[in-house]
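Understanding the architecture of this molecule
As a plain string of letters, each chain reads:
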Amino acid sequence: MNLYVCIKQVPDTETKIKLNADSSGIDPAGIKWILSPYDEFAVEEALRLKEKNAGSTVTVISAGPTRVVEAIRTALAMGCDNGIHVEIPESADNNFAAKALAGALKKEAKVDLVFTGKEAIDDGAAQTSQLIAEHFGMPCVTVVLGAEYGATSVKCKREVEGGAFEMVETALPALLAAQKGLNEPRYASLPNIMKAKKKEVKLLKAADVGASEADQKIKYKNFQLPPPKQAGKKIAGEPAAQAKELVRALHEEAKVV
Amino acid sequence: MAKVLIVAEQRDGKLKKSTFELVGASAAAGNETHVALLGEGVDGLAKEIGQYGANKVHVAQNAALKLYNAEAYTAVLTDLAKSLSPDVILASHTPTGRDFMPRLARRLDVGLASDCVTLAFEGNSIKVRRPVYSGKATAEVEFVGAGPRLATIRANALGVPKPDAGKSAESVTATANLGDLKTKTTDVVKGASARPDVTEAAIVVSGGRALKSSDNFKIIEELADTLGAAVGASRAAVDAGYRPHRDQVGQTGKVVSPALYIACGISGAIQHLAGMRTSKTIVAINTDPEAPIYQIADYGIVSDLFTVVPLLTEEFKKIKEH
Ligand SMILES: Cc1cc2nc3c(=O)[nH]c(=O)nc-3n(C[C@H](O)[C@H](O)[C@H](O)COP(=O)(O)OP(=O)(O)OC[C@H]3O[C@@H](n4cnc5c(N)ncnc54)[C@H](O)[C@@H]3O)c2cc1C
């Protein structure tokens, strides 16, 4: 099978976000970059499928500035075979990135399945998976918690609200966006990390895959940090008195109960 | 004034509160408010939508729309958007809305601002702000180029208005050309819990590692049930197996914005705060007075949760009875 994983590099979850001088974006200084956590489930799912289907290859693709090659190497170290970097500007939106990724997929001889994470934890937009599928022209199932792979179709378990699941069957080729719980991602082994360092990562320019600034549909501006919260009120006293006072405050002051 | 199309959301013939938030906000701003209602045997719901101030409800019915199907929804909504030419298209940022809206945006060749927490109507456009970096910052979204402005709005961000039984909307049939479907939703497996979903609830009671076992979460559940609240959890509690992952609040879990968030035995790690900092009122119960959760809590109780939580349940019961 010809398996693909589209990944994104994002700031580590511990990152303290600072704005740049004119609040047009964040200050990138000192950010530690990681593979977006949900993408790890996507990589793992592709690798497991490859292991069950002899002769399969897993290609990992990322669109972004040069730094994203590190995230591609992280995925290669987990066991992916090939890496492709599509160079697009830092400011590219979901649609620009999706057009670039779909363009890279279209250059491949055959695509059976594409995996992504259900959202990236930087912008948390949850758009790129569906947009790649639309640009490519294939069906897409999001928030996938389980999948049964057949020869021409996949049965997916899709998480929805209230602990319910939608069972969705899709024809192949298709894109599946992984939710945490789909599998347990492996750690990269030391030999694989060493091998991944030497692997060639193919570089494509936006123009090579038919994407350009004209695909930019939204821009972010006027960034703000959350307003500093006033120090809250610690309720003193014995537990019974504390409970009583809290309920009174929520009822009479905050009026939320 | 804008021409606004809102995509209603229903499950099992019951409309979501988040739909009323959108309809109410659009109508209150004096917009020409249209609502798309998709499903099978759902035409009766148009009346309820009208009570929140919608002008017109476009009802698309088909057996293939009985269960949510992304391709079918996208096809129907693309046709409706093209014939109606709205200035703005809104849906809730729910598992359904967040799934089809990017597809609709692509078919209309426009951008989408997803998971917005503020919404203002300006002329025939909208001004929206959304969290980025899991709520560590927010940004305003600028739409590039012409065409309708699309946005999904976080549940509870706008507030549910009161319905007015004196108001009603015109109801019309929308065509349901589904095209060639490559996917099929074969079934919906219901969750076992009767509690509201953590992302939809007006009140969320969450427990952390301090709960020590899934059995001990009973006291959290009892408090939640007294308040009609959802139960949430920290990642530490989820990783320890006390709660399923779907209850996890935070950067790699659910992002919630309830009117009241009660954190019990949760330290307030940056990844947890990312998921709940937009809650309107935050309560922390933690034995450590220095716990970071107190930096964003409006009210704090520095006591053992095993003592305080059952007492709170009793106190809330008293005011609920009145
Ligand atoms: C990539 C990544 C993603 C992550 N995503 C998330 C996420 O989505 N959500 C999330 O929650 N975390 C997430 N985390 C984990 C996060 O860093 C913390 O480890 C986690 O939130 C801690 O959970 P906790 O507060 O329950 O546990 P702890 O930090 O151990 O805190 C327990 C608290 O309980 C208090 N306590 C103990 N006993 C009692 C008692 N009897 N009564 C009252 N208080 C008591 C203690 O004082 C302490 O403050 C993520 C981490 C990483 C690296």
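These numbers come from a predicted model, not from an experiment.

When helices and strands are counted, chain A shows six helices and 13 strands. Principal axes of the C-alpha set define a box for chain A whose edges measure 70 × 45 × 40 Å. Counting the 257 residues in chain A, one finds 54% classified as buried. When the accessible surface of chain A is totalled, it reaches about 11000 Å², and 54% of it is carbon and sulfur.

The next subject is helix H3 (residues 94-106) of chain A. All names here are of chain A. End to end, H3 covers 18 Å across 13 residues, agreeing with the expected 18 Å (1.5 Å per residue, within 8%). When you tally the buried positions in H3, you get 11 out of 13 residues, the bulk of the element. By the burial criterion, the buried members of H3 are Asn94, Asn95, Phe96, Ala97, Ala98, Ala100, Leu101, Ala102, Gly103, Ala104 and Leu105.

Counting from both sides, the interface comprises 73 residues of chain A and, opposite them, 87 residues of chain B. Counting each side, the surface lost to burial between chain A and chain B is near 7100 Å², with a carbon and sulfur contribution of 55%. Counting the contacts that link chain A with chain B gives 13 salt bridges. In this structure, the salt-bridge partner of arginine 158 of chain A is aspartate 99 of chain B, at a minimum N-O distance of 3.8 Å. At the surface where chain A touches chain B, the tally comes to 46 residue pairs in polar contact (both at pLDDT 80 or more).

Following the criterion strictly, the structure yields 43 salt bridges over all chains and no others. A salt bridge links glutamate 245 of chain A to lysine 233 of chain A; the nearest nitrogen and oxygen atoms lie 3.8 Å apart. Of this pair, glutamate 245 of chain A sits in helix H6 (residues 239-252) while lysine 233 of chain A is found in strand S13 (residues 233-234), placing the two residues 12 residues apart along the sequence. For lysine 233 of chain A, a relative accessible area of 37% gives the class partly exposed. Within this structure, Arg158, Glu161 and Glu166 of chain A together with Arg11, Lys16, Asp99, Arg103 and Glu200 of chain B form a network of salt bridges that share partners.

Our next topic: the domain arrangement of chain B. Residues and elements named next belong to chain B. In terms of domains, chain B is made up of domain 1 (3-173) and domain 2 (203-321). Here the C-alpha centre of domain 2 lies 31 Å away from the C-alpha centre of domain 1. Taken together, the contact between domain 1 and domain 2 spans six residues of the former and 10 residues of the latter. Contact between domain 1 and domain 2 buries roughly 700 Å² in total, counting both sides, with carbon and sulfur atoms accounting for 50%. The largest per-residue losses of area from domain 1 upon contact with domain 2 belong to Ser134, Lys136 and Arg154, which jointly make up 65% of the total buried on that side. At the junction of domain 1 with domain 2, the criterion picks out zero salt bridges.

Reading guide: rules and limits
Starting afresh in each chain, residues are numbered from 1 along the sequence in its written order. Just so you know, chain letters begin at A and ligand numbers begin at 1, following the order they were written in. Per-residue local features are limited, in this predicted model, to residues with pLDDT of at least 70; the limit for side-chain atom pairs, both in listing and counting, is 80 or more; totals at the level of whole chains, interfaces and linings are taken over all residues. Only hydrogens and water are set aside; all other atoms, that is, all heavy atoms of the structure, feed into the side-chain values. Under the DSSP-based scheme used, a helix requires at least four consecutive residues in state H or I and a strand at least two consecutive residues in state E, with every element numbered from the N terminus. In this scheme, a residue with accessible area under 20% of its type's maximum is buried, one over 50% is exposed, and one in between is partly exposed, where area comes from a 1.4 Å probe on protein chains only. Computed with the Shrake-Rupley method and a 1.4 Å probe, the accessible areas treat only the protein chains shown as cover for residues. Here, expected helix span is obtained from the residue count minus one, scaled by 1.5 Å. Two residues form a contact once any of their heavy atoms are found within 4.5 Å. Once two parts are brought into contact, the accessible area they lose, counted with a 1.4 Å probe and summed over both, makes up the buried area. Here, a salt bridge means any Lys or Arg side-chain nitrogen found within 4 Å of an Asp or Glu carboxyl oxygen. Under this definition, polar contacts are N or O atom pairs within 3.5 Å; protein pairs additionally need one hydrogen-donor-capable and one acceptor-capable atom, and for neighbouring residues in sequence, both atoms have to be side-chain atoms. Where a domain begins and ends is set by an automatic assignment or by a domain database.

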